[in-house]
Amino acid sequence: MVPAAHDACSARLRRRPSKETMTRRRKIILSLAAGIVFSAAALRVSFANVPMGDLAAALSSVDPLWVAVSIVLGYASYIARTLRWLVILRPVKKVPFLHAYHPVMITFMMNSIFPGRIGELARPAVLFKRDGVEFSKTLATVALERVFDFFSLIALFVVIMGSVSIDPGISIDFNGYTLDRAALFGIKDKAVKSGVVFLVCLAVLLTPWARRAIARVVSWIPHAFFMGHHTRRAAMAERFRARAETILDNVAHGFSSLRRPSAVLSSVVLSFMVWGFVFLALYALSLGFPSVSIDLVEAGAVTIMICFFIMLPSVPGFWGLWEAGGIYGLMLFGVGKVDAAGLTVAFHVFQIVPVIVLGLVSAWVTGIDILRSGFESRP
């Protein structure tokens, strides 16, 4: 009996999380709690001047059929994202559809519930564990996806804003901020400049001699910041240089789909499909609001404004910034403040809640425990 009792006690001790694991869990939970507090504060600011009774009435009038259509269209955008990532990932490693789909859903689920967009690290981590793809290579493909997202949005912004009618003299004051046509195009100009700078940096990174030069600069770090014998610092510098070269080469490999015209064309087409589904999702939901009347092009313009707002550093799920962008955009097209708030918050909820649910399912399927640091496989 004693050996059996000892074995049972040992099994319980093995199952008990380590002190380090408990500390990491507490940090994640505290981070999540802080995100919830900041989300609540951001929502309070966004809806400070919106009558809650009228808002509830607007939400209660929405047609459930159009809600369902909007949810399906929103989900279709994630299928398009997965297909695009498969194209970008192919030069690095060819993986099955589900091996790309689950990390995509986990990424957006984590971005919806944790601050700091830490979900972006989920895809490289999951793919490393499931398919053995080096973390830095996969992270580069995720960054390349963001490049296609960014420039497709800018292209759509230019086309759509040239197609919709916005009075140059219209100015909307909302919670101490003023939005007008000049402000919108100012945001676009800043975004384009940032994109150009990023492309220049990308072009440099794809050049072998530039990567070697960066690695040499990194190798100077031990000489500049560490004490000790010259031989020891030289050995450390060589390790720094070799590691930097490996990481930079992996990152460049992650961008290698840019060298294949067919991959670039496919990624561009799929990028427009991603945003087309999102535009349709908002337009479909607007059809379910009897008091809202916008067309598809205007729905696209509002979606782009929301995207510009949530590009800023934000709380989990983009609560507050999403609402501010949607309300601003809808009011520009003549939608009343209460109806704009109702449609925007409904669009946010019906887009983000299914992603959280499906992301949790993907985490379970792949064995990812999102409450633990590092992505550990389920036994």
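Residues numbered from 1 in each chain as written. Predicted model: local features only at pLDDT ≥ 70, side-chain atom pairs only at ≥ 80, totals over all residues. Heavy atoms only, no water.

Peer 1: Account for the confidence of the model for the protein chain, naming residues and giving values.
Peer 2: Across the protein chain, pLDDT averages 77, with 72% of residues at or above 70. Every residue in residues 10-14 scores below 50 in pLDDT, and together they form zero contacts with partners more than four places removed in sequence or on other chains. (pLDDT = per-residue confidence, 0-100. Contact = heavy atoms within 4.5 Å.)

Peer 1: How would you explain the pattern of salt bridges if you had to name every residue and give the values?
Peer 2: The full count for this structure, using the stated rule, is seven salt bridges. The residue E120 makes a salt bridge to R146 at a minimum N-O spacing of 3.0 Å. On the criterion of sequence distance, the pair formed by E120 in the loop between α5 (97-113) and α6 (122-131) and R146 in helix α7 (residues 135-161) is long-range, its members being 26 residues apart. What makes R146 partly exposed here is its relative accessible area of 26%. R123 is the salt-bridge partner of E145, the closest N and O atoms lying 2.4 Å from each other. Pair noted here: E145 is in helix α7 and R123 is in helix α6, with a separation of 22 residues, a long-range link. Assigned by exposure class, E145 and R123 land together as buried. Via salt bridges that share partners, R81, R84, E120, R123, E145, R146 and D149 belong to a single interconnected network. (Salt bridge = Lys/Arg side-chain N within 4 Å of Asp/Glu carboxyl O. Helix = DSSP H or I, 4+ residues; strand = E, 2+ residues; numbered from the N terminus. Buried < 20%, exposed > 50% of the residue type's maximum accessible area, 1.4 Å probe, protein only.)

Peer 1: Can you tell me about the packing of aromatic side chains, naming the residues and giving the values?
Peer 2: Remark: the centre distance and the inter-plane angle together describe each pair of aromatic rings, the angle taken between the planes. Scanning all chains against the criterion turns up five aromatic pairs. Arranged with centres 5.0 Å apart and planes meeting at 90°, the rings of F150 and F151 form a pair that is edge-to-face. Every member of this aromatic cluster is reached through a ring pair, and the members are Y75, F97 and Y101. In this structure, R123 packs its charged tip against the face of W85, placed 4.8 Å from the ring centre. (Phe/Tyr/Trp six-rings, centres within 6.5 Å; stacked < 30°, edge-to-face > 60°. Lys NZ or Arg CZ within 6 Å of the ring centre and 35° of its normal.)

Peer 1: I'd love a proper account of the packing of helix α4 (residues 64-89) against helix α15 (residues 337-366), names of residues and values included.
Peer 2: At their nearest, the axes of α4 and α15 sit 10 Å apart, and the two run at 55° to each other. As summarised for this structure, α4 and α15 are arranged oblique, according to the angle between their axes. Classified by chirality, the crossing of α15 by α4 is right-handed. Taken together, the residues of α15 that come into contact with α4 (itself represented by V67, S70, I71, G74, Y75 and Y78) are F347, F350, Q351, P354, V355 and L358. (Axes fitted to C-alpha atoms, helices over the stretch in contact; angles between N-to-C directions. Parallel < 35°, antiparallel > 145°, perpendicular 65-115°, else oblique. Left-handed = near helix turned anticlockwise from the far one by under 90°.)

Peer 1: Requested: an account of a nonpolar patch on the surface, with residues and values cited.
Peer 2: Together, V353, V357, V361, W364 and V365 give the surface a local cluster of nonpolar side chains, amounting to about 470 Å² of exposed area. Structurally, W364 is set in helix α15. Given the relative accessible area of 58%, W364 is considered exposed. (Patch = residues over 30% accessible without salt bridge, like charges linked within 9 Å, V, L, I, M, F, W, Y side chains within 5 Å. Areas by Shrake-Rupley, 256 points an atom, 1.4 Å probe, with all protein chains shown as cover.)

Peer 1: Pulling in residues and values, what's your account of α6?
Peer 2: Of all ten residues making up α6, seven are buried, and the element is well covered by its neighbours. Among the residues making up α6, those that are buried are A122, R123, P124, A125, V126, L127 and D131. One or two positions beyond α6, positive phi appears at G132, with a value near 70°.

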